[in-house]
Amino acid sequence: MFPEYHMIDAEAFIDDDGKAYLYWGSGLNWVNGHCFVVQLNDDMVSYDESKIKDVTPPNFFEAPFMLKKNNKYYLMYSDGKCTNSTYKVRYSVGDTPYYYLARRKK
């Protein structure tokens, strides 16, 4: 679908209203990570390819994980190489499952 990125680390998130979303993505050669999201159909498997959104937050490399608390959406993800000291976990915060305000977890 997007040959310039690894399509890995898929994670499903079900919102309070019962809508389900799939998050995934990575980069190549430890750079250029991108995060994608799409709302899943009721079967939790299929989706409309035309509705895939690139929601890449700053410094994203791979492993998106969405959670919700107090009506805010928290997208956790990794940055850096998992094989050395550049590895870190970050997060971004937003008001919807699609859009994030960048925040850095220290």
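None of the values given here were measured: they were computed from a predicted structure.

Thresholds applied
Numbers given for residues are sequential positions, taken from 1 along each chain in its written order. Given that the model is predicted, a residue must reach a pLDDT of at least 70 before its local features are reported, and side-chain atom pairs must reach 80 or more before they are shown or counted; all residues, however, enter totals for whole chains, interfaces and linings. With hydrogens and water excluded, all non-hydrogen atoms of the structure serve as input to the side-chain values. Where helices and strands are cited, they refer to DSSP runs of H or I of at least four residues and of E of at least two residues respectively, numbered from the N terminus. A simple rule labels every residue: compare its accessible area, found with a 1.4 Å probe on the protein chains alone, to the largest value its type can have, and call it buried under 20%, exposed over 50%, or partly exposed in between. By the convention used here, residues are in contact when the closest approach between their heavy atoms is within 4.5 Å. In these tables, accessible area is a Shrake-Rupley quantity obtained with a 1.4 Å probe, and a residue counts as shielded only by the protein chains included in the view. Along the chain, pLDDT gives the predictor's confidence residue by residue, from 0 to 100. Criterion used throughout: strands pair if DSSP finds at least two bridges between them. The working definition used for a salt bridge is a side-chain nitrogen of Lys or Arg within 4 Å of a carboxyl oxygen of Asp or Glu.

A count of helices and strands for the protein chain gives zero helices and eight strands. Walking the protein chain from its N terminus toward its C terminus, one meets helices and strands in the order β-β-β-β-β-β-β-β. Relative to its full complement of 106 residues, the protein chain shows a buried share of 35%. Excluding contacts between residues fewer than 6 apart, the proportion of contacts in the protein chain whose partners are at least 24 apart in sequence is 33%. For the protein chain, the exposed area adds up to about 6500 Å²; of that, 50% sits on carbon and sulfur atoms.

Here the focus is the confidence of the model for the protein chain. Mean pLDDT over the protein chain stands at 88; residues scoring 70 or higher make up 89%. Confidence drops under pLDDT 50 across residues 102–106; counting only partners more than four residues distant or on other chains, this segment forms ten contacts.

The next thing to look at is the pairing of strand β5 (residues 62–69). Across six bridges, β5 lies against strand β6 (residues 72–79) in antiparallel orientation. Looking at β6, one finds that E62 is bridged to S78.

The final tally for this structure, using the stated rule, is five salt bridges. Its salt-bridge partner being K68, residue D15 comes within 3.1 Å of it at the nearest N-O pair. Within this pair, whereas D15 is found in the loop between β1 (11–14) and β2 (20–24), its partner K68 is found in strand β5, the two being separated by 53 residues in sequence. For D79, the salt bridge goes to K88, with nearest N and O atoms at 3.8 Å. Given the relative accessible area of 29%, K88 is considered partly exposed.

This next bit is on the environment of G33. Locating G33 in the fold gives a position in the loop between β2 and β3 (36–39). The exposure class of G33 is buried, given its relative accessible area of 9%. In the structure, G33 is positioned 25 residues away from P58 in sequence and 9.6 Å away in space, judged by C-alpha atoms.

What follows concerns the pairing of β2. Within β2, four of the five residues are buried, which leaves it mostly tucked inside the rest of the structure. Both β1 and β2 contribute to a ladder of four bridges, which runs antiparallel. Bridge pairing in β2 links E11 to Y23. Hairpin geometry of β1 and β2 is characterised by an intervening segment of five residues between the two adjacent antiparallel strands and by a positive phi of about 90° at G18. As judged from the four bridges shared by β2 and β3, these two strands associate in the antiparallel manner. Within β3, the position partnered with Y23 by the bridge is V37.

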